[in-house]
Each structure stands twice: as C-alpha cells, then as structure tokens.
Amino acid sequence: VFPLSDDRVAWILNAQHELMHKTTTPAYHFSPQTTLKTNRFVVRFAPDDSLRITFAARRTNDELLISFRSECDFANSANQRKIRHIIAHFLQIEARQTLPARLTALAQTHGFEFTQVHINSAQTRWGSCSAKRVINLSYNLMLLPDELIDFVLVHELCHTREMNHGVRFKQLMTSIFANYAALNAALKQYRPLQP
C-alpha cells in the first residue's frame, strides 16, 4: 500500500463530495416559445409553412432563427434531437472561432503554456488537459457567460502546472480568481446541450 499525498486525499474527498451532491438536471426541451441565450447569439423559433423540411436554421448577427412547419410536434423526441443538433452545429462554429484565441490570450496574460487546443463535443465536462498540456474544450462552453468561459479556460491552463484539484491547484486558481468558490458554484448551474 502506497501512502497518499495531501493533494490526492483532498482530490478524493472533493470527488466524493461532488458525487454525493450531484443532481440530475433535465435535458433541454424546446418549444415554439423557447428563447435560448447563448454566449454569442439568441435562439428563437418561428413557424414557416413554406418549408419542405421540418426545420431550417438561419444565423444573422446575434440571432439563430429556427423555422419549423406549423404541424411540427415539439413533443416528439426525434424533433427535439434535431433541434439540439442544429444548435450544436452553430455552437461548434462559434467555439472554433472564439475559444482558441481566448485561451491563447489568457495563457499569455497569466504566464501559462499549452501545446495544442482542440474543440470537441464533450457533454460531461467543459474541458480537460492532458499530461502533455493538450487542452480539450467542449463547444458547450458557448452556453456560458464570458466570465465563466474564462474561468473554465484558466482552470484547464492551471492543469498545465497542477494535474489534480489539490491545494496547490486551488491556490493557483484563487490567485487569478479571488471569487473562485462563487464562480465554481455558478458553473454548476449550467448544463451542456446533449444532441
């Protein structure tokens, strides 16, 4: 049996606490009246019986308009999946255009180095960092406000120095975000879009 470091014990206790207090959040459910605000655009729905397909989407400036045929059944799970796929497509575009540049700027500001950044469709985590300092970011980050996006990006950058969530990691995060606990709690109020 190998003794555990204080950092490892802190990580285990934190993971146990999170598992015990984890709540199941319902999936997004869309209706014709739904308005969803993402980081870069607002999703709105509008009937359009000239459509030959169930849904069509158009992005203009800060709005993503999803048109639908009036007989569309929003209670149908296949239609809900189609809507989530449409929104996910536009979130991916925004994430690829926004997140790598923001990560680079934050790394330069706070003196971090990473080797690569990838945008993925992760639904169980906002981001991750490998031992080789490769950072993976979920396009779902685009559902968050700017401050929480920066919080997650800095979180992953801190993992380039501290791979666990121990005391040194939290000290590093707190040195950048004095309101670390409040931001961490705020992040838990959001959920990813699951296509």
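Coordinates for the structure precede this section.
Note that the coordinates shown come from a computational prediction; the quantities given were computed from them, not determined experimentally.

A.B. asks: Break down the side chain of Asn79 for me, with residues and values.
C.D. replies: Looking at where Asn79 falls in the secondary structure, it is placed in helix α2 (residues 77-110). Relative accessible area serves as the criterion here: at 9%, Asn79 is assigned to the buried category. A polar atom in the side chain of Asn79 sits 2.9 Å from the backbone oxygen of Asp73. Every residue in contact with Asn79, bar those within four places of it in the chain, is listed here: Thr54, Phe55, Cys72 and Asp73.

A.B. asks: Which residues make up the sheet that holds strand β7 (residues 134-138), and what values do they have?
C.D. replies: One open sheet holds the 3 strands; their spatial order is β5-β7-β6, and the pairing between them is mixed. For this open sheet the edge positions go to β5 (116-120) and β6 (127-129), each flanked by a neighbour on one side alone. Between one strand and the next, the sheet's axes are offset by a mean angle of 15 degrees, whatever the strand orientation. One ladder, built from 5 bridges, connects β5 with β7; its direction is parallel. Looking across to β7, one finds that Val117 is bridged to Ile135. Strand contacts of α2: β5 and β7, with the helix running at about 150 degrees to β5, the strand carrying the most contacts.

A.B. asks: Which residues make up helix α3 (residues 146-158), and what are the values?
C.D. replies: With 13 residues, α3 should reach 18 Å at 1.5 Å per residue; the first-to-last C-alpha distance of 18 Å fits that figure. Within α3, 11 of the 13 residues are buried, which leaves it mostly tucked inside the rest of the structure. Looking only at α3, the buried set comprises Leu148, Ile149, Asp150, Phe151, Val152, Leu153, Val154, His155, Glu156, Leu157 and Cys158. Buried residues along α3 sit against α2, β6, β7, α4 (167-176) and α5 (180-187).

A.B. asks: Give a description of the packing of aromatic side chains that names residues and reports values.
C.D. replies: Summed over the entire model, instances satisfying the criterion amount to 7 aromatic pairs. Consider the rings of Tyr28 and Phe30, whose centres lie 6.1 Å apart with planes at 5 degrees: the pair is stacked. Among the residues examined, Tyr28 registers a relative accessible area of 15% and is labelled buried. Considering the side-chain rings of Phe30 and Phe45, the 6.0 Å spacing of their centres and the 45 degrees angle between planes classify their relative orientation as tilted. Placement of the pair is Phe30 in the loop between α1 (6-20) and β1 (36-37) and Phe45 in strand β2 (residues 42-47), with a sequence separation of 15 residues. The exposure class of Phe30 is buried, given its relative accessible area of 2%.

Here is what the cut-offs are and how they apply
- Residues numbered from 1 in each chain as written.
- Predicted model: local features only at pLDDT ≥ 70, side-chain atom pairs only at ≥ 80, totals over all residues.
- Heavy atoms only, no water.
- Helix = DSSP H or I, 4+ residues; strand = E, 2+ residues; numbered from the N terminus.
- Buried < 20%, exposed > 50% of the residue type's maximum accessible area, 1.4 Å probe, protein only.
- Polar contact = N/O pair within 3.5 Å; in protein donor to acceptor, adjacent residues only side chain to side chain.
- Contact = heavy atoms within 4.5 Å.
- Pairing = 2+ DSSP bridges.
- Axes fitted to C-alpha atoms, helices over the stretch in contact; angles between N-to-C directions.
- Expected span 1.5 Å × (residues − 1).
- Phe/Tyr/Trp six-rings, centres within 6.5 Å; stacked < 30°, edge-to-face > 60°.

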